[in-house]
Amino acid sequence: MAGLLKGKVTLVTGAASGIGRAAAIAFAREGAKVLVADMSDAAGHETVKMITDAGGEAAFTRCDVAQPADAEALVASAVKAYGRLDGAYNNAGVAGKIARTADDTEENFDHIMAVNLRGVWLCMKYEIIQMVKQGQGGAIVNTASAAGLVGSHGMPAYTASKHGVIGLTRTAALEYARAAIRVNAVCPGVIDTAMVAGMVAAHPRLKDALVSVEPVARMGKPSEIAEAVTWLLSDAASFVTGAALPVDGGMTAR
Ligand code: NAD
C-alpha cells in the first residue's frame, strides 16, 4: 500500500502505545497528517517522533477521552493544526481489573465504561459535528474487540463496553450515511501490546490461555490491526459502513 490516505487529516486516540501507535504510523506512511492523542505525553511525543523521523507529518495533543472538554479540544486541535478532519480512529481503551461478574467493583466497572464506551461516544460526537460542518463526508473507525462480539470470562464491564462500541458504531453509521460519514468498528483478537502484558503480569496463567483461544495459535501484532483500520478509513472502503470487522486470527469464527 502507498498513498491510501494521501492528503487526509486524521486523528488517533490511544496513539502513545500498541494498536494506536501502529495505526498512527500506518496512516502517516499512507500520506495522512496525523494528530496523535493520548493521556501519556512522553510516549505520545515518541510516536510523533517515529512518524516525523520517517518523513511523515504528525503532532501530539494530550487528551483524556473520558473528559468531555478534552474530546471537544481533541477535534479543535486537529482543525487548528491541519485545517480540517477527514478520518478519526477512536482507539483509546483500558482493560481494567480482571474479576468475574459477582466479584467486580463499581469503581472498576465505571472506569472501564467511562473510557471505553463514553469516551468513544464523546469523541465521535465532536468528530461528527466537525465532519458535518465541513460537508464533505468523512470516516470514523472505533476499536471494539472480539469481546464486543462474544462473551469473555472475568471481564464483564470490558465485554459490555465493547458490545456497546459496536452499538454506537452501527447507530452513527445509520444516522450519518446520507452525510457520507462512514462509521465502522474493528474487533481485534488477542494482540501483543502493553495491555495484554499488563493482564499477564497480574495473572501469569493467562498467557497460555490467551494464545489458546486463537485458532492461529499466536497473538496478533498491532500492525495487523493498523492495516485493517487504514483500509477502513480510506476511500478504498467507500461502500463499507456500520461494519464490525473481526481482525482476530479466527477467534470469533469458533
Ligand atoms: P495499550 O495499553 O498498549 O494502549 C492503550 C493506549 O490508550 C495507551 O497509550 C493509553 O495511555 C491510552 N489511554 C488509556 N486511557 C486513555 C484515556 N482515558 N484517554 C486517552 N488515552 C487513553 O493497549 P492496546 O492493546 O493497544 O489497546 C488499544 C485498544 O485496542 C483498546 O481500546 C483495547 O481495548 C483494544 N483491544 C485490545 C486488544 C488486545 O489484545 N491488545 C484486543 C481487543 C481490543
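Higher on the page you've got the structure.
Residues numbered from 1 in each chain as written. Predicted model: local features only at pLDDT ≥ 70, side-chain atom pairs only at ≥ 80, totals over all residues. Heavy atoms only, no water.

Draft legend 1. Summary view of the pattern of salt bridges. For the structure shown, the criterion picks out eight salt bridges. The partner of Lys8 in a salt bridge is Asp235, and the shortest N-O contact between them spans 3.1 Å. Of the two residues, Lys8 sits in the segment before strand 1 (9–13) while Asp235 sits in the loop between helix 8 (222–233) and strand 7 (244–247), which places them 227 residues apart along the sequence. Glu227 is paired through a salt bridge with Arg29; the nearest N and O atoms lie 3.1 Å apart. Of the two residues, Glu227 sits in helix 8 while Arg29 sits in helix 1 (residues 18–29), which places them 198 residues apart along the sequence. You can call Glu227 partly exposed: its relative accessible area is 27%. For Arg29, a relative accessible area of 44% translates into the label partly exposed. (Salt bridge = Lys/Arg side-chain N within 4 Å of Asp/Glu carboxyl O. Helix = DSSP H or I, 4+ residues; strand = E, 2+ residues; numbered from the N terminus. Buried < 20%, exposed > 50% of the residue type's maximum accessible area, 1.4 Å probe, protein only.)

Draft legend 2. How the structure looks around the nonpolar core. With 32 residues, the main nonpolar core has Leu11, Leu74, Met124, Ile140 and Val183 as its most contacted residues. Listed by contribution, the elements that provide at least two residues to this core are strand 2 (33–38), helix 3 (68–82), helix 4 (106–134), helix 5 (156–175) and strand 6 (181–188). Per element, the largest residue contribution to this core is eight residues, and it comes from helix 4. Aside from chain neighbours lying at most four places away, what touches Leu74 is Leu11, Thr13, Leu35, Ala37, Thr61, Cys63, Cys123 and Glu127. If you look at the next biggest cluster of nonpolar residues, it comprises 29 residues, including Ala15, Ala28, Ile51 and Val186. (Core = buried A, V, L, I, M, F, W, Y, C linked by side-chain atoms within 4.5 Å. Contact = heavy atoms within 4.5 Å.)

Draft legend 3. Structural context of empty space enclosed by the protein. For the structure shown, the criterion picks out one cavity of 30 Å³ or more. What the largest cavity holds in volume is close to 40 Å³. Looking at the largest cavity, it is lined by 13 residues, and the ones nearest its centre are Ala95, Lys97, Ile112, Gly154 and Met155. Residue assignment for the lining of the largest cavity shows that the elements contributing at least two residues are helix 4 and helix 5. Looking at side-chain class alone, the lining of the largest cavity contains eight nonpolar, three polar and two charged residues. (1 Å grid on protein atoms, 1.4 Å probe; cavity = no way out; pocket = protein on both sides within 12 Å on 5 of 7 lines; lining within 4 Å. Points joined across faces, edges and corners; volume = space filled by probe spheres on them. Nonpolar A, V, L, I, M, F, W, Y, C, P; charged D, E, K, R; others polar.)

Draft legend 4. Examining helix 5 more closely. Spanning 20 residues, helix 5 covers 29 Å between terminal C-alpha atoms, matching the ideal 28 Å at 1.5 Å per step. Here helix 5 has its buried residues at Ala157, Tyr158, Thr159, Ser161, Lys162, Val165, Ile166, Thr169, Ala172 and Ala173. Structurally, helix 5 contributes buried residues whose contacts are with helix 4, strand 5 (138–143), strand 6, helix 6 (194–202) and strand 7. (Expected span 1.5 Å × (residues − 1).)

Draft legend 5. The site of the ligand, seen in detail. Around the ligand, the structure places 28 residues, and the nearest of them are Ser17, Asp38, Tyr158, Ile191 and Thr193. In this structure, Asp64 approaches the ligand through a side-chain N or O atom, which is 2.9 Å from a nitrogen atom. Interatomic distance of 3.0 Å between a backbone N/O atom of Val65 and a nitrogen atom of the ligand. Secondary structure elements with two or more residues in the shell around the ligand: helix 1, helix 5 and helix 6. Counting residues per element, the shell around the ligand draws most heavily on helix 6, which supplies three residues. Grouping the constituent residues of the shell around the ligand by class yields 16 nonpolar, nine polar and three charged. (Near = heavy atom within 4 Å. Polar contact = N/O pair within 3.5 Å; in protein donor to acceptor, adjacent residues only side chain to side chain.)

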